[in-house]
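As a plain string of letters, each chain reads:
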Amino acid sequence: MIDPGTQPDGEEFEAYNIRRWGSSGWTRSMIRQGSKDGATFRNWKWWPHTLKAHQLILMMEKSYGIETSRSKAALFEALYEEGENISLV
């Protein structure tokens, strides 16, 4: 889990960062580095509470045989590139 203190339904990205660290400036270098690997973070809107996402990954593996890497990639795409709130899965 990224931060167990995150609201159960997630938090708006900028509001979370301001509350937690004073700004989202700390993410700039991570975003620059990620772009080298194709992670553009083009639509990062939410800071998720990740408990349900972790449960989903395990369920998909145990119940359907889907590799955890595939589930993680789908969740990362949804959160960082599509702007979805994965706290609500």
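Check the entry above for the structure.
The residue numbering used here restarts from 1 in each chain and proceeds along that chain's sequence as written. With pLDDT at 70 or above as the cut-off, local features in this predicted model cover only qualifying residues; side-chain atom pairs require 80 or more to be listed or tallied, and sums for whole chains, interfaces and linings still use all residues. Derived side-chain values reflect all non-hydrogen atoms in the structure, with water molecules and hydrogen atoms excluded from consideration.

Trainee: Describe a nonpolar patch on the surface, listing the residues and the values that go with them.
Mentor: A surface patch of nonpolar side chains, about 300 Å² in accessible area, is lined by Trp21, Trp26 and Met30. You can see Trp21 is positioned in helix H1 (residues 13-21). Like charges within 9 Å and nonpolar side chains (Val, Leu, Ile, Met, Phe, Trp, Tyr) within 5 Å are joined into patches, using only residues over 30% in relative accessible area that form no salt bridge. What sets the accessible areas is the Shrake-Rupley method with a 1.4 Å probe; for residues, cover comes only from the shown protein chains. Any carboxyl oxygen of Asp or Glu within 4 Å of a side-chain nitrogen of Lys or Arg constitutes a salt bridge here. Strands here are runs of E lasting at least two residues and helices are runs of H or I lasting at least four, both read from the DSSP assignment and numbered beginning at the N terminus.

Trainee: Any details on the pattern of salt bridges? Residues and values, ideally.
Mentor: In total, this model carries 3 salt bridges according to the counting rule given. With a closest N to O distance of 2.8 Å, Asp3 and Arg20 form a salt bridge. Taken together, the residues span a long stretch of sequence, with Asp3 in the segment before strand E1 (11-12) and Arg20 in helix H1 at a distance of 17 residues. Only protein chains enter the accessibility calculation, which uses a 1.4 Å probe. A residue is then buried if its area is under 20% of the maximum for its type, exposed if over 50%, and partly exposed in between. Classification of Asp3 by relative accessible area gives buried; the value is 11%. Relative accessible area serves as the criterion here: at 40%, Arg20 is assigned to the partly exposed category. We note a salt bridge from Arg19 to Glu11, for which the minimum N-O separation is 2.8 Å. Taking the relative accessible area as the measure of exposure, Glu11 reaches 11% and is therefore buried.

Trainee: Tell me what's going on with the packing of aromatic side chains, and back it up with residues and numbers.
Mentor: Working definition: a ring pair exists when centres of Phe, Tyr or Trp rings (six-membered ring for Trp) sit within 6.5 Å. Plane angles under 30 degrees give stacked, over 60 give edge-to-face, the rest tilted. Scanning the model with the defined rule gives 11 aromatic pairs in all. Each ring, one from Tyr16 and one from Trp21, has its centre 5.6 Å from the other, and the planes form 75°; the classification is edge-to-face. Since its relative accessible area comes to 0%, Tyr16 is described here as buried. With a relative accessible area of 43%, Trp21 lands in the partly exposed category. Note on Phe76 and Tyr80: the rings are 5.9 Å apart at their centroids and 55° apart in plane angle, and the pair reads as tilted.

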